[in-house]
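The chain contents come next:
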Amino acid sequence: MAAPNIETIVSLAKRRGFVFPSSEIYGGLGSAWDYGPLGVELCNNVKQAWWRWMVHERDDMEGIDSSIILNRSVWKYSGHEETFSDPLIDCKECNSRFRADKLAEEVGEPVSGFDFIKIKCPSCGKTNWTEPRAFNLMFRTTIGAAAEEDDPTALAYLRPETAQGIFINFLNVQTTMRRKIPFGIAQIGKSFRNEVTPGNFIFRTREFEQMEMEYFVRPGEDERVHQEWIDYCFDWFKTLGVSSENLRFYEQPAEELAHYAKRTVDIHYRFFPEREDEERQWDELMGIANRTDFDLKAHSKKPEDAEGKRINPDSTEDLSYFDEATKERFYPYVIEPAAGVNRTVLAVLMDAYSEQVNDKGEKRVILKLHPELAPIKVAVLPLAKNKPEIVGLARSIKKSLQPSMRAVYDDTGGIGKLYARQDEIGTPFCVTVDHQSLEDEAVTVRDRDTWEQERVKVAELAEHLKQRLGIKF
Ligand code: ATP
């Protein structure tokens, strides 16, 4: 079972401290969200799982953390200043603003070449539109204390993707780490896009976090390696416990491809299961693009154009690669798997959501999160909170577990309520300490998914839990 819709997750997330509407006491800030105590743990666990899988467990990977604000030339030569825009239309009747391509998609018109004149405004039902116009999605800012707001020499952007920070560091990483291609550079960080129509909770926001990797290969090997990454990434979501029924590949048709891409395959998740039209239930979780040699060439002081003029007069470096073995110099092709932290969090929350009826006939929500992602791994619960020996033992057990796993202590309700609370936030195990524990030095370990209970010696508890949680050290 998975969540029936995003709304179910929005209310669970707010009720249980995963995600709150941002700036709520001032009326909020359109589609901005703050991650609460459980949300920040979940995000961190997603990022750690990605980093371990992408960087630590491979032999051909390095990581970096580049600046959010880069030299403006980066965005000039990457093409973002010119082309990173969405088509915008306004309803002349009610002044509502929409992304023309998304609107067309929603009403089932072809994305390109659609006749928007026929489309009714979703807000007022009229058909009186402005002409579509390009709206650049990059957030602008200015650098320096003396800068005037419209001073073009001080203009800078908040990065709309982390990828460019990798391209401009390609040679730094390759030479300092003495890497030979094929190898990759991974980065996790915030990106910013002034989205025309953000929404659907954390699915589309103006500030979000990306997990991107650029894999540098010899031209000619790009198509094979691209396909390998497509399959490898799909499997990663499955290892996180996401059901393959809710995942699919989406081959981008030629008219959707970005200007730099030779081929792009997206991994879709069924974010909108409540929609009647099956096709509209899916949306992008991750994109895996073959970016060719576009970016490394674009940032290089070479190549020259037909008249011998340098195409990029601002760069001081040539980002080509010299192959020692074959004595060839060339621009590597780049395969880019790019995923959103927030969309991954939304997908794993939706997929983990389940409801179960207990023996009293009450409906319980259980979040069957993969143990690696669960914000809290174990809750230690005393059965009698006014018995100092039991409370003392429970607290000391919690303390002994906390160096190796996120553990909490809770005595603020009856045991049924405490179990229900932990089930709802996805805690894989509860440990209860009772009168018997004082005599046999054992506790009860309860499994979130089966509700089965097992008696375990306190001395063996940490090892027992580590093994069941899959914690390797
Ligand atoms: P979309 O078509 O949904 O706008 P995109 O194709 O522009 O997304 P990419 O540029 O491929 O997205 O970015 C890679 C990943 O970053 C996406 O698959 C998604 O998970 C995440 N992402 C992109 N834009 C946003 C956003 N506004 N809010 C949250 N996550 C985002």
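Structural notes, computed from the coordinates. Keep in mind that what you see is a predicted model, and the values were worked out from it rather than measured. (Residues numbered from 1 in each chain as written. Predicted model: local features only at pLDDT ≥ 70, side-chain atom pairs only at ≥ 80, totals over all residues. Heavy atoms only, no water.)

**A word on the sheet that holds strand β6 (residues 133–136)**
- The 3 strands are arranged β5-β4-β6 in an open sheet whose pairing can be described as antiparallel. Each end of this open sheet is capped by a strand with a single partner; those strands are β5 (97–99) and β6. Sheet twist, expressed as the mean angle between neighbouring strand axes with direction ignored, is 45°.
- As judged from the 4 bridges shared by strand β4 (residues 85–90) and β6, these two strands associate in the antiparallel manner. Bridging across to β6, P87 finds its partner in A134. (Pairing = 2+ DSSP bridges. Helix = DSSP H or I, 4+ residues; strand = E, 2+ residues; numbered from the N terminus. Axes fitted to C-alpha atoms, helices over the stretch in contact; angles between N-to-C directions.)

**Considering the site of the ligand**
- Taken together, 15 residues lie around the ligand, and R193, E195, R204, T205 and E284 are the ones closest in.
- Contact between the ligand and E195: a nitrogen atom at 2.7 Å from a side-chain N or O atom of the residue.
- For the ligand, whose unbound accessible area comes to 590 Å², protein coverage reaches 84%.
- Elements with a minimum of two residues in the shell around the ligand: β10 (207–217), β13 (283–292) and β16 (333–340).
- For the shell around the ligand, the leading source of residues is β13, giving 4 residues.
- Considered class by class, the residues forming the shell around the ligand number 6 nonpolar, 4 polar and 5 charged. (Near = heavy atom within 4 Å. Polar contact = N/O pair within 3.5 Å; in protein donor to acceptor, adjacent residues only side chain to side chain. Areas by Shrake-Rupley, 256 points an atom, 1.4 Å probe, with all protein chains shown as cover. Nonpolar A, V, L, I, M, F, W, Y, C, P; charged D, E, K, R; others polar.)

**Describing a nonpolar patch on the surface**
- Among the surface-exposed residues, I68, I69 and I143 lie close enough to one another that they form a single nonpolar patch of about 240 Å² accessible area.
- Within the secondary structure, I68 is located in the loop between β3 (61–63) and α3 (72–77).
- For I68, a relative accessible area of 31% corresponds to the partly exposed category. (Patch = residues over 30% accessible without salt bridge, like charges linked within 9 Å, V, L, I, M, F, W, Y side chains within 5 Å. Salt bridge = Lys/Arg side-chain N within 4 Å of Asp/Glu carboxyl O. Buried < 20%, exposed > 50% of the residue type's maximum accessible area, 1.4 Å probe, protein only.)

**Things to note about the packing of aromatic side chains**
- Under the criterion given, the structure shown has 18 aromatic pairs.
- When the ring of W50 is compared with that of W51, the centres are 6.3 Å apart and the planes differ by 45°; the resulting orientation is tilted.
- Exposure remark for W50: the relative accessible area of 0% places this residue in the buried category.
- What makes W51 partly exposed here is its relative accessible area of 23%.
- Between the aromatic rings of W53 and W236, the centroid separation amounts to 5.1 Å while the plane-to-plane angle is 25°, which identifies the pairing as stacked. Taken together, the residues W53 in helix α2 (residues 37–56) and W236 in helix α8 (residues 222–239) connect sequence positions 183 residues apart. Judged on exposure class, the residue W53 and its partner W236 are both buried.
- Lying across the ring of Y260, R291 places its NZ or CZ 3.9 Å from the centre.
- Its end group placed over the ring of Y419, R446 keeps NZ or CZ at 4.1 Å from the ring centre. (Phe/Tyr/Trp six-rings, centres within 6.5 Å; stacked < 30°, edge-to-face > 60°. Lys NZ or Arg CZ within 6 Å of the ring centre and 35° of its normal.)

**Considerations on the state of the cysteines**
- Within the structure shown, the criterion is met by 0 disulfides.
- C124 carries a free sulfur, and the closest cysteine sulfur to it, the one in C91, is 3.7 Å from it.
- In this structure C124 comes out as partly exposed when scored by relative accessible area, which is 31%. (Disulfide = S-S within 2.5 Å.)

**Focus: α8**
- Taking 1.5 Å of rise per residue, 18 residues should cover 26 Å, and α8 covers 26 Å from first to last C-alpha, within 8% of that figure.
- Of the residues making up α8, those classed as buried are D222, V225, H226, W229, I230, C233, F234, W236 and F237.
- Positive phi appears at G241, one or two residues downstream of α8, with a value of about 90°. (Expected span 1.5 Å × (residues − 1).)

**Things to note about the packing of α2 against α8**
- Direction vectors running N to C along α2 and α8 enclose 140°, while the axes themselves pass 12 Å from each other. When the axes of α2 and α8 are compared, the pair comes out oblique. Note on packing geometry: the crossing formed by α2 with α8 is right-handed. Residues V46, A49, W50, W53 and M54 of α2 form the contact with α8, whose participating residues are W229, Y232, C233 and W236.
- A class-by-class count of the residues in the contact of α2 with α8 yields 9 nonpolar, no polar and no charged. (Parallel < 35°, antiparallel > 145°, perpendicular 65-115°, else oblique. Left-handed = near helix turned anticlockwise from the far one by under 90°. Contact = heavy atoms within 4.5 Å.)

**Some words on unusual backbone geometry**
- Across the junction of I181 and P182, the peptide omega takes the value 5°, indicating a cis bond.
- Take P182: it is sitting in the loop between α7 (170–176) and β9 (183–192).
- For R178, which is not glycine, the phi dihedral falls at a positive 50°.
- Here R178 lies in the loop between α7 and β9.

**With respect to the nonpolar core**
- The biggest cluster of nonpolar side chains holds 70 residues, and the ones touching the most others in it are F18, W50, M54, F201, W229, F271 and L346.
- Top contributing element to this core by residue count: α2, with 9 residues.
- Each of two domains, domain 1 (6–74 + 138–349) and domain 3 (376–469), supplies a minimum of three residues to this core.
- Ignoring any residue separated from it by four or fewer positions in sequence, one finds M54 in contact with M61, A186, M213, W229 and P337. (Core = buried A, V, L, I, M, F, W, Y, C linked by side-chain atoms within 4.5 Å. Domains from an automatic or database assignment.)

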